[in-house]
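Structural description and commentary
One letter stands for each residue in the lines below.
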Amino acid sequence: GAVVSQHPSWVICKSGTSVKIECRSLDFQATTMFWYRQFPKQSLMLMATSNEGSKATYEQGVEKDKFLINHASLTLSTLTVTSAHPEDSSFYICSASEIRAGGPADTQYFGPGTRLTVL
Amino acid sequence: AQSVTQLGSHVSVSEGALVLLRCNYSSSVPPYLFWYVQYPNQGLQLLLKYTSAATLVKGINGFEAEFKKSETSFHLTKPSAHMSDAAEYFCAVSGRTGNQFYFGTGTSLTVIP
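Residues numbered from 1 in each chain as written. Chains lettered and ligands numbered in written order. Predicted model: local features only at pLDDT ≥ 70, side-chain atom pairs only at ≥ 80, totals over all residues. Heavy atoms only, no water.

Section: the side chain of A:Ser43
If you trace the backbone, A:Ser43 turns up in the loop between β4 (32-38) and β5 (44-51). Taking relative accessible area as the criterion, A:Ser43 reaches 15% and is therefore assigned buried. A distance of 2.5 Å separates a polar atom in the side chain of A:Ser43 from the backbone oxygen of B:Gly104. (Helix = DSSP H or I, 4+ residues; strand = E, 2+ residues; numbered from the N terminus. Buried < 20%, exposed > 50% of the residue type's maximum accessible area, 1.4 Å probe, protein only. Polar contact = N/O pair within 3.5 Å; in protein donor to acceptor, adjacent residues only side chain to side chain.)

Right, here's the structure in full:
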């Protein structure tokens, strides 16, 4: 159980275009999803926290107008990189916290990641 | 605020030898602690987690970790390394009032045949 998928797994786009990445919890409901960015051989950097039905909370230094996050349902969150540039090339990983009756969500389940290359 | 520090960005062990990956945490509240493993070009897979039950936590693939409050540590161990254990390992901490995770910088484990 607790599987998170991402689509696409790899995307190459031209500079100036927008790219949408989907994150889905396949067998559980997630009130909260997280988006991370990971540069080669580095740790994950939290970009934003996405709550179903409300606006995402962005970490300091992350441009909310560039990285648009939508959490339309308890199983789907999307990250749109608008007007992508080569410096946006990175590995983007989402995670989701499972709702548990009577207690806080305490484990994040990670998607397989999306590698974005902007030419 | 929570944070974790992973000592040693690279660890090399011989196949069959003990694996020890270090993680120290800082938290103003009783923490949840996690170890994740990442294989190249993949997402993170949960190895084990501590959520205030037993201080010695057993995870998948023969890994275990011990929560030591007095040392603010949560080191990951495995008695005998396999070649398939070669990967990047991340320690993470979260508070109990929210779901935000804070990751360490990662430790790359190399297993020498």
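Picking up after the structure, the text goes on.
Digging into the state of the cysteines
Counted according to the given criterion, the structure contains two disulfides over all chains. Note on cysteine connectivity: A:Cys23 is disulfide-linked to A:Cys94, with sulfurs 2.0 Å apart. As the torsion about the S-S bond is roughly 80°, the A:Cys23-A:Cys94 disulfide counts as right-handed. Remark: A:Cys94 occurs in strand β9 (residues 90-97) and A:Cys23 occurs in strand β3 (residues 19-25); sequence separation between them is 71 residues. A relative accessible area of 0% means that A:Cys94 is categorised as buried. With its sulfur 1.9 Å from that of its partner, B:Cys23 forms a disulfide with B:Cys91. The disulfide joining B:Cys23 to B:Cys91 has a torsion of about -60° about its S-S bond and is therefore left-handed. Highlighted residues: B:Cys23 in the loop between β3 (19-21) and β4 (24-27) and B:Cys91 in strand β10 (residues 87-94), separated in sequence by 68 residues. In terms of burial, B:Cys23 and B:Cys91 fall into one category: buried. Between A:Cys13, a cysteine without a disulfide, and A:Cys94, which holds the nearest cysteine sulfur, the sulfur-to-sulfur distance is 18 Å. (Disulfide = S-S within 2.5 Å.)

Let's talk about unusual backbone geometry
For the bond running from A:His7 to A:Pro8, omega is 0°, close enough to zero to count as cis. Tracing the backbone shows A:Pro8 in the loop between β1 (4-7) and β2 (10-13). Backbone geometry at B:Thr72 places phi at a positive 45°, although glycine is not the residue there. Note on placement: B:Thr72 falls in the loop between β8 (64-68) and β9 (73-78). On the accessibility criterion, B:Thr72 (30% relative accessible area) is partly exposed.

Points about the packing of aromatic side chains
In total, this model carries 13 aromatic pairs over all chains according to the counting rule given. Among the aromatic side chains, those forming a connected cluster through ring pairs are A:Tyr36, A:Phe110, B:Phe34, B:Tyr36, B:Phe90 and B:Phe103. (Phe/Tyr/Trp six-rings, centres within 6.5 Å; stacked < 30°, edge-to-face > 60°.)

Description of the interface of chain A and chain B
The partner chain B presents 19 residues to the 23 residues of chain A that form the contact. Taking both sides of the interface into account, the surface hidden between chain A and chain B amounts to around 1600 Å²; carbon and sulfur atoms contribute 51%. Linking chain A to chain B there are zero salt bridges. Counting across the chain A and chain B interface gives four residue pairs in polar contact (both at pLDDT 80 or more). Elements with a contribution of two residues or more to the side of chain A that touches chain B: β4, β5, β9 and β10 (108-110) of chain A. The dominant element in the side of chain A that touches chain B, judged by the number of residues it contributes, is β4(A), at four residues. Here the residues of the side of chain A that touches chain B sort into 10 nonpolar, nine polar and four charged. (Contact = heavy atoms within 4.5 Å. Buried area = accessible area lost by both parts, 1.4 Å probe. Salt bridge = Lys/Arg side-chain N within 4 Å of Asp/Glu carboxyl O. Nonpolar A, V, L, I, M, F, W, Y, C, P; charged D, E, K, R; others polar.)

What to know about the pairing of β8(B)
All names here are of chain B. Residue alternation in β8 divides its side chains into a buried set, Ala65 and Phe67, and an unburied set, Glu64, Glu66 and Lys68. In the sheet, strand β7 (residues 56-58) pairs with β8 via three bridges, with the strands oriented antiparallel. Residue pairing for β8: valine 57 is matched across the bridge by alanine 65. A loop of five residues connects β7 with β8, the two strands running antiparallel in sequence, and asparagine 61 in this loop sits at a positive phi of about 60°. Of the strand pairs in this sheet, β8 and β9 are connected by five bridges, and their pairing is antiparallel. Residue pairing across strands places lysine 68 opposite serine 73, the latter belonging to β9. What sits between β8 and β9 in their antiparallel hairpin is a turn of four residues, with threonine 72 showing a positive phi close to 45°. (Pairing = 2+ DSSP bridges.)

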